[in-house]
Amino acid sequence: MELQSGSRFSSQPLPGAPRRPRPRRCPDGGGGQDRISALPDDMLLQVLVRLRCTRAAALTSSLSRRWRGLWKHLFELSFREIPLDAVDAALQQVACPTLSRLEIEIPERHRIMDPARVSALLNAAAGLAPADLVVDVWGHCKDHEIPIEIPCFQRATSIKLRVVNLYLTPPAGGVEFPVLERLSVAGCRFNDMNMVEMISRCPHLRVLEVHKCWDLDTLKVHSPTIEELIVDGWLTNLDIVAPVLKRFRLQATMERYFNVLFSAPMAEHLSWSFSFHHQNIGIGEISLWCVRGLTLQTKESAHVLQLDIDFAVRILSCSIYLTLSSSC
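Residues numbered from 1 in each chain as written. Predicted model: local features only at pLDDT ≥ 70, side-chain atom pairs only at ≥ 80, totals over all residues. Heavy atoms only, no water.

Caption draft 1: Seen up close, the environment of V221. With respect to the helices and strands, the residue V221 is situated in strand 9 (residues 218-222). On the accessibility criterion, V221 (1% relative accessible area) is buried. Once the C-alpha coordinates of V221 and L238 are considered, the two residues, 17 residues apart in sequence, prove to be 8.5 Å apart. Contact partners of V221, with chain neighbours within four places excluded, come to I199, L208, I226, L229, D239, I240 and V241. (Helix = DSSP H or I, 4+ residues; strand = E, 2+ residues; numbered from the N terminus. Buried < 20%, exposed > 50% of the residue type's maximum accessible area, 1.4 Å probe, protein only. Contact = heavy atoms within 4.5 Å.)

Caption draft 2: Layout of helix 5 (residues 115-127). With 13 residues, helix 5 extends 19 Å from end C-alpha to end C-alpha; this agrees with the ideal 18 Å at 1.5 Å per step. For helix 5, the full list of buried residues reads P115, V118, L121, L122, A125 and A126. For helix 5, the angular spread of buried residues about the axis comes to 140°, placing them on one side. Next to the buried residues of helix 5 lie helix 4 (84-91), strand 2 (101-105), strand 3 (132-138), strand 4 (148-149) and strand 5 (158-164). Between the side-chain oxygen at the start of helix 5 and the backbone nitrogen of A116 there is a gap of 3.0 Å, and the oxygen is on D114. Of the residues one or two after helix 5, A129 is the one with positive phi, at around 50°. (Expected span 1.5 Å × (residues − 1). Arc of directions from axis to C-beta. Polar contact = N/O pair within 3.5 Å; in protein donor to acceptor, adjacent residues only side chain to side chain.)

Caption draft 3: Structural detail: the packing of aromatic side chains. Evaluated as defined, the whole model comprises three aromatic pairs. A ring pair is formed by F248 and F262, whose centres lie 5.4 Å apart and whose planes are at 15°; its orientation type is stacked. Overall, F248 belongs to the buried group, its relative accessible area being 2%. Using a relative accessible area of 25% as the deciding quantity, one classes F262 as partly exposed. A ring pair is formed by F262 and W272, whose centres lie 5.0 Å apart and whose planes are at 80°; its orientation type is edge-to-face. Taken together, the residues F262 in strand 11 (residues 247-263) and W272 in strand 12 (residues 269-276) connect sequence positions 10 residues apart. An aromatic cluster is defined as three or more aromatic residues linked by ring pairs; in this entry it consists of F248, F262 and W272. (Phe/Tyr/Trp six-rings, centres within 6.5 Å; stacked < 30°, edge-to-face > 60°.)

Caption draft 4: Spatial organisation of helix 2 (residues 41-49). Here helix 2 lies mainly inside the structure; seven of its nine residues are buried. Looking only at helix 2, the buried set comprises D41, D42, M43, L44, L45, L48 and V49.

Caption draft 5: How the structure looks around the pairing of strand 5. Burial analysis of strand 5 places five of its seven residues in the buried class, the great majority of the element. Two strands pair when backbone bridges link them, and strand 3 and strand 5 are joined in this way by seven bridges, in the parallel orientation. What sits directly across from V135, in strand 5, is L161. Of the strand pairs in this sheet, strand 5 and strand 7 (residues 182-186) are connected by five bridges, and their pairing is parallel. Paired with S158 across the bridge in strand 7 is R182. (Pairing = 2+ DSSP bridges.)

Caption draft 6: Local environment of the pattern of salt bridges. Scanning all chains against the criterion turns up 12 salt bridges. A salt bridge links D215 to R189, with the shortest nitrogen-to-oxygen separation between them at 3.9 Å. With D215 in the loop between strand 8 (207-211) and strand 9 and R189 in the loop between strand 7 and helix 6 (192-200), the pair connects residues that are 26 residues apart, well separated along the chain. The buried category is assigned to R189, whose relative accessible area is 17%. Of the charged contacts in the structure, one is a salt bridge between R206 and E227, with a shortest N-O distance of 3.9 Å. With a gap of 21 residues between them, R206 in the loop between helix 6 and strand 8 and E227 in the loop between strand 9 and strand 10 (228-241) connect regions that are remote in the sequence. On the basis of relative accessible area, R206 is assigned to the partly exposed category, the value being 30%. By relative accessible area, which is 30% here, E227 ends up partly exposed. Each of the salt bridges in this network shares a partner with another, and the network as a whole consists of R80, R101, E103 and D132. (Salt bridge = Lys/Arg side-chain N within 4 Å of Asp/Glu carboxyl O.)

Here is the structure:
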């Protein structure tokens with residue numbers, strides 16, 4: 001059978017899938033077949049995957065025994081607004097050996113107190129070998145907690161981890177993410193050395209997003225493959241050496257002392273936005289002025305720099321705009 005999109009479906013049963021009964025007759029006795037029950041399993045799975053919700057797919061079992069357990073063979077699974085216990089139980093029933101996408105979002109109201117449970121969740125996800133992984137969980141951070149080791153996802157080309165209030169570290173033993181191209185890390189404790197180590201484990205990384213990671217004072221990105229970099233958070237140092245970087249967006253709150261090393265000769269789209277909260281301009285140890293904001297972005301083949309300076313007692317405020325040539 002061929003759909004309008006050109007995709008073809010085989011009527012052969014999926015490996016390990018239960019045998020299906022013969023198509024039923026319509027209940028009205030008209031002699032016609034139940035057309036939905038007559039569809040092959042792989043086509044029914046195409047219907048279920050478009051629900052974009054694993055729970056909704058599982059609930060279709062109440063429509064007919066013909067649909068019962070089909071969700072276990074979905075190649076895309078999405079768990080949203082579901083408690084961790086229910087997600088754990090569902091993952092244990094998955095029959096598809098490898099997934100094209102796995103999305104798990106545990107709501108904040110189901111905050112996970114034990115980091116070991118988050119570690120177990122990540123390892124269960126790794127066992128399903130998703131090509132695209134999204135994990136969004138809330139935890140409870142304590143200073144003495146042991147960091148959660150990110151397992152290796154051998155097939156993953158995209159990983160998005162929003163693990164709020166918990167510590168994360170790269171996998172031990174120098175294990176690489178061999179095909180990973182997109183990585184997003186947010187909300188967790190992920191220090192300077194862990195970030196450097198993680199980037200070094202991704203030889204094909206093209207896109208990196210870092211959002212409000214605790215303990216990340218110095219962002220050091222030395223990569224021959226990264227083409228797009230998006231960063232927001234609190235920083236004291238920026239160290240970027242990326243020969244093929246084309247897009248860089250930075251929104252950061254800076255400390256009193258801040259250092260920048262930026263080497264990206266192919267950069268085409270820049271958007272830098274700094275904010276400061278200290279009096280940091282003056283003579284000697286007397287700082288009467290504060291750079292409140294510094295913005296640099298590309299506009300019409302030029303770099304536009306906006307500098308906002310406030311006097312300490314807020315009597316005077318000024319903005320300075322500079323337009324630099326594209327060769328700068």
